[in-house]
Amino acid sequence: MNFILLHDQVAPYVAHIQLNRPKELNALNLELMAEVRDTLKELDQKDDIRVVVISGNEKAFAAGADIKQMADKTAVDMFLIDQFSTWDQIRKFRKPLIAAVSGFALGGGCEMAMTCDIIIASETAKFGQPEIKIGVMPGAGGTQRLTKAIGKSRAMELVLTGDFIDAQEALMRGLVSRVVPEELFLEEAIKLASRIAAMSPVATRLAKEAVNRSFETQLDEGLHFERKNFYLAFASEDQKEGMKAFVEKRNPDFKGR
């Protein structure tokens with residue numbers, strides 16, 4: 001089974017990557033992330049593609065990471081898997097990347113959306129970093145990009161409570177570019193991609209690089225610190241309990257150790 005669907009040339013010079021794990025609300029397992037990475041590598045080399053739109057479906061962009069793949073891992077296991085090298089390669093995609101978000105964009109899903117250059121959200125979109133509820137913390141940029149996007153106080157509240165924000169708050173705080181009706185979220189993202197694709201491919205790459213340099217100054221240092229703490233969380237009993245409870249569909253009993 002392919003974990004993504006590639007729709008090439010949905011408009012002139014525009015490709016669409018659709019996350020394709022609908023039963024799991026597009027939870028980001030290692031295989032799906034590898035497919036996204038490899039597809040973006042290929043599209044980066046294609047002259048007939050200038051902009052890429054990435055989406056899930058109406059119910060979920062991506063509801064988080066695949067907890068079942070991580071629940072029994074140790075800190076060393078997570079370090080050796082090195083899943084974040086895949087995220088780094090996605091972040092280095094040189095062409096404009098637009099996230100079309102409807103429904104849940106939580107945990108890794110929120111982090112993936114924030115890795116993109118522009119987010120178009122449907123009225124039903126929900127954003128959040130609920131990792132704290134399963135005994136860990138964001139590990140793919142959530143503590144860094146969310147803070148830069150919406151400010152320290154609100155980001156701290158979301159990260160420490162696991163609460164969600166809706167599309168209108170995301171728009172008000174600058175996390176997303178615009179909010180559109182659910183039935184139009186992908187169409188509007190493709191329209192925007194078409195407008196950008198009509199510009200100079202060289203200029204758009206240079207402009208993207210310049211904006212990201214402004215946004216991501218010292219981001220690497222923040223990501224390094226975040227990942228160290230993410231791995232450390234897997235040394236805790238709370239991580240084991242949180243993920244086990246998630247898999248068993250019960251409330252976790254955290255002990256603080």
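Going by the structure above, here's the rest.
Criteria and cut-off values
Residues numbered from 1 in each chain as written. Predicted model: local features only at pLDDT ≥ 70, side-chain atom pairs only at ≥ 80, totals over all residues. Heavy atoms only, no water. Helix = DSSP H or I, 4+ residues; strand = E, 2+ residues; numbered from the N terminus. Contact = heavy atoms within 4.5 Å. Phe/Tyr/Trp six-rings, centres within 6.5 Å; stacked < 30°, edge-to-face > 60°. Lys NZ or Arg CZ within 6 Å of the ring centre and 35° of its normal. Salt bridge = Lys/Arg side-chain N within 4 Å of Asp/Glu carboxyl O. Buried < 20%, exposed > 50% of the residue type's maximum accessible area, 1.4 Å probe, protein only. Pairing = 2+ DSSP bridges. Right-handed = clockwise from strand over helix to strand, strands pointing away. Core = buried A, V, L, I, M, F, W, Y, C linked by side-chain atoms within 4.5 Å. Axes fitted to C-alpha atoms, helices over the stretch in contact; angles between N-to-C directions. Disulfide = S-S within 2.5 Å.

Novice: Residue-level account of the environment of Met243, with values.
Specialist: Tracing the chain through its elements places Met243 in helix 11 (residues 237-248). Apart from residues no more than four positions distant in its own chain, Met243 is found in contact with Ile67, Met70, Ala71, Ile134, Val136 and Phe234.

Novice: I'd like a description of the packing of aromatic side chains, backed by residues and values.
Specialist: Considering all chains together, one arrives at 5 aromatic pairs under this definition. Ring pairing ties together the aromatic residues Phe79, Phe84, Phe230, Tyr231 and Phe234, which thus form one cluster. Here the guanidinium or amino end of Arg50 rests over the ring plane of Tyr13, the centre of that ring lying 3.7 Å away.

Novice: Pulling in residues and values, what's your account of the pattern of salt bridges?
Specialist: Should the charged atoms of two oppositely charged side chains come close, the side chains can pair. Per the stated rule, a full pass over the model turns up 19 salt bridges. Between Lys73 and Asp72 there is a salt bridge, with the nearest N and O atoms lying 3.5 Å from each other. Assessed through its relative accessible area of 58%, Asp72 is described here as exposed. With its nearest N and O atoms 4.0 Å apart, the salt bridge here joins Arg91 to Asp88. Note that Arg91 and Asp88 are positioned in helix 3 (residues 84-91) at a spacing of 3 residues, about one turn of the helix. Here Arg91 falls in the buried class, since its relative accessible area comes to 19%.

Novice: So what's going on with the pairing of strand 2 (residues 14-19)? Residues and values would help.
Specialist: Burial within strand 2 is extensive, with 5 of its 6 residues counted as buried. Direction of pairing for strand 1 (residues 4-11) relative to strand 2: antiparallel, over a ladder of 5 bridges. Bridge assignment links Ala11 to a residue of strand 2, and that residue is Val14. What sits between strand 1 and strand 2 in their antiparallel hairpin is a turn of 2 residues, with Tyr13 showing a positive phi close to 70 degrees. Handedness of the crossover joining strand 2 and strand 3 (residues 51-55) through helix 1 (residues 30-44) is recorded here as right-handed.

Novice: Any details on the nonpolar core? Residues and values, ideally.
Specialist: Residues Leu19, Val52, Ile54, Phe61, Val101, Phe127 and Leu175 are the most contacted members of the largest nonpolar core, which totals 56 residues. The leading source of residues in this core is helix 1, at 5 residues. Sequence-distant contacts of Val52, that is, excluding residues within four places in its chain, are made with Ala15, Ile17, Leu40, Leu43, Phe93, Pro96, Leu97 and Ile98. If you look at the next biggest cluster of nonpolar residues, it comprises 15 residues, including Val51, Ala100, Leu192 and Ala193.

Novice: Break down the side chain of Arg21 for me, citing the residues and quoting the values.
Specialist: Locating Arg21 in the fold gives a position in the loop between strand 2 and helix 1. The contacts of Arg21, once residues within four sequence positions are left out, are Phe3, Asn26, Ala27, Asn29, Leu32 and Asp66.

Novice: An account of the sheet that holds strand 4 (residues 60-62) is needed here, citing residue identities and associated values.
Specialist: The strand order 4-6-8-9 describes an open sheet built from 4 strands, whose pairing is mixed. The open sheet has two free edges, formed respectively by strand 4 and strand 9 (164-166), since each of these has just one partner strand. Each adjacent strand pair in this sheet contributes to an overall mean axis angle of 20 degrees, direction not counted. Taken together, the 2 bridges between strand 4 and strand 6 (residues 104-106) define a ladder with parallel strand orientation. Each residue of the ladder has a partner; that of Ala62, found in strand 6, is Ala105. Helix 4 (residues 108-115) contacts strand 4, strand 6 and strand 8 (126-128) of the sheet and is inclined by roughly 90 degrees relative to strand 6.

Novice: Which residues make up the side chain of Asp44, and what are the values?
Specialist: Topologically, Asp44 is positioned in helix 1. Contact partners of Asp44, with chain neighbours within four places excluded, come to Lys92, Phe93, Arg94, Lys95 and Arg205.

Novice: Tell me what's going on with the state of the cysteines, and back it up with residues and numbers.
Specialist: Throughout the structure, instances matching the rule amount to 0 disulfides. Here Cys110 is not disulfide-linked; the sulfur of Cys116 is the nearest cysteine sulfur, at 11 Å.

In short, geometric facts, not functional conclusions.
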